[in-house]
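Architecture and fold: a report
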Amino acid sequence: MMIRLRKNGRFKKKTLIWLAAASLLAGCADIDIHGKGAALAKKDAQAAVDEGGAPLRLARAARDVGDFASAADLYKRVLASKPGDSAVMAELGATQLEMGALYDGIDTFNKIGPSEPAYLDAQIGLERAHLMLSNPDKALEFADKAVAIAPKNARALVGRGVALDMLARHAEAQEQYRAALAQTPHDMGATSNLALSLAVTGQYDEGIRLLTPLARAPNATSRIRQNLALIYGLKGDDTAARALNRVDLDEQMTEKNLMFYAVARERVVK
């Protein structure tokens, strides 16, 4: 992951957290989208349309390989035959967010009423959409609703934590992540966001302690490694940050990230 500076060169703590951790707020893992997989998904999607296959199964398969456009089309096909199915609508909304159609996702989630089984998913989706729109105040409103519905739901707690971090309410955010980890101790999103939040408040060693086992695990994602590199960079340990960057990035991208860390140390940490 390359982290870019804003054109005006200005950063706030909440911006830093969001740049590094956005994809983890709902527990999302990195997705490597290969042309072959996407083409296969499109072929299967077309077969579903032409031959009356299982659109919901294929929609999920397409989404799994990152073919979000085909997945969205298939979800809509399912909804045409099962109007008002809130679970399918929630999956469609989440897919629309993943493909960058944020306002379409918001519209989809808003169609799920309080009495529907997927209402919690809709509130979490709306919170996530407004985070992606850099509107943390609005995101927090939906996060509060989600936590009120399900106080022990890890996704709701992590999402609320990210909104609070973006509002520079870091101590409160850290409480949310820890509450999520009390429910699901191995939650990658909660752990990574907690580590980043700790780093932004100067608690680098604790953040490193939390993320290092995840970064060394056989199933470690590039985002986890890059988040750990970010913490090392904020701490000023460019040697460790460079080593982690080189696992996933070429030399040019590695040096650009190191430049970012140096600017962040000056304008965010100090």
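Not measured: the values here are computed from a predicted model.

**Side note on the overall build of the protein**
- In terms of helices and strands, the protein carries 15 helices and 0 strands.
- For the protein, buried positions account for 50% of its 270 residues.
- A fraction of 53% describes how many contacts in the protein between residues 6 or more apart in sequence connect residues 24 or more apart.
- Accessible area of the protein: about 13000 Å², with a carbon and sulfur share of 51%.

**Digging into the packing of aromatic side chains**
- Using the criterion set out here, one finds 1 aromatic pair in the structure.
- Judged by centre distance (6.1 Å) and plane angle (70°), the rings of Phe-260 and Tyr-261 are edge-to-face. Each member of the pair Phe-260 and Tyr-261 is classed as buried.

**Overview of the environment of Leu-211**
- Position of Leu-211 relative to the elements: it lies in helix α12 (residues 204–216).
- Judged by relative accessible area, which is 0%, Leu-211 ranks as buried.
- Through-space distance from the C-alpha of Leu-211 to that of Asn-227 is 8.2 Å; in sequence the pair is 16 residues apart.
- With residues up to four places along the chain from it excluded, the contact list for Leu-211 reads Ser-192, Ala-195, Ile-224, Asn-227, Leu-228 and Ile-231.

**Some points on the environment of Met-89**
- Counting through the fold element by element, Met-89 comes out in helix α5 (residues 86–98).
- Note: C-alpha distance between Met-89 and Gly-105 (16 residues apart in sequence) is 9.4 Å.
- Met-89 has contacts with Leu-79, Gly-84, Thr-108, Lys-111 and Ile-112, leaving out every residue within four places of it along the chain.

**Remarks on the nonpolar core**
- Counting residues in each nonpolar core, the largest one holds 46 residues, and the members touching the most others are Leu-228, Ile-231, Tyr-232 and Tyr-261.
- The residues touching Ile-231, leaving out its near neighbours within four places in the chain, are Ala-195, Leu-196, Ala-199, Tyr-204, Gly-207, Ile-208 and Leu-211.

**Topic: the confidence of the model for the protein**
- Mean pLDDT for the protein: 84, with 79% of residues reaching 70 or above.
- Per-residue pLDDT, averaged within each element of the protein, yields its smallest value for helix α1 (residues 13–21) (45) and its largest for helix α6 (residues 102–110) (98).
- In the model, residues 1–41 has pLDDT below 50 throughout and makes 91 contacts with residues more than four positions away in sequence or in other chains.
- pLDDT under 50 marks residues 48–52. Its contacts with residues more than four places away, or in other chains, come to 7 contacts.

**Some details on the pattern of salt bridges**
- On inspection of all chains with the given rule, the structure shows 14 salt bridges.
- Arg-160 is the salt-bridge partner of Asp-144, the closest N and O atoms lying 2.6 Å from each other. With Asp-144 in helix α8 (residues 136–149) and Arg-160 in helix α9 (residues 154–166), this residue pair connects regions lying 16 residues apart in the sequence.
- We note a salt bridge from Glu-255 to Arg-242, for which the minimum N-O separation is 3.3 Å. Remark: Arg-242 occurs in helix α14 (residues 238–248) and Glu-255 occurs in helix α15 (residues 251–269); sequence separation between them is 13 residues.
- By relative accessible area, which is 25% here, Arg-242 ends up partly exposed.

**Considerations on the packing of helix α7 (residues 119–132) against α9**
- Contact pair α7 / α9: the axes reach a minimum separation of 10 Å and the direction vectors enclose 25°. Considering the angle they form, α7 stands roughly parallel to α9. Where α7 crosses over α9, the handedness of that crossing is left-handed. On α9, the residues touching Asp-121, Ile-124, Glu-127 and Leu-131 of α7 are Arg-155, Ala-156, Gly-159, Val-162, Ala-163 and Met-166.

The rules we used
- Residues numbered from 1 in each chain as written.
- Predicted model: local features only at pLDDT ≥ 70, side-chain atom pairs only at ≥ 80, totals over all residues.
- Heavy atoms only, no water.
- Helix = DSSP H or I, 4+ residues; strand = E, 2+ residues; numbered from the N terminus.
- Buried < 20%, exposed > 50% of the residue type's maximum accessible area, 1.4 Å probe, protein only.
- Contact = heavy atoms within 4.5 Å.
- Areas by Shrake-Rupley, 256 points an atom, 1.4 Å probe, with all protein chains shown as cover.
- Phe/Tyr/Trp six-rings, centres within 6.5 Å; stacked < 30°, edge-to-face > 60°.
- Core = buried A, V, L, I, M, F, W, Y, C linked by side-chain atoms within 4.5 Å.
- pLDDT = per-residue confidence, 0-100.
- Salt bridge = Lys/Arg side-chain N within 4 Å of Asp/Glu carboxyl O.
- Axes fitted to C-alpha atoms, helices over the stretch in contact; angles between N-to-C directions.
- Parallel < 35°, antiparallel > 145°, perpendicular 65-115°, else oblique.
- Left-handed = near helix turned anticlockwise from the far one by under 90°.

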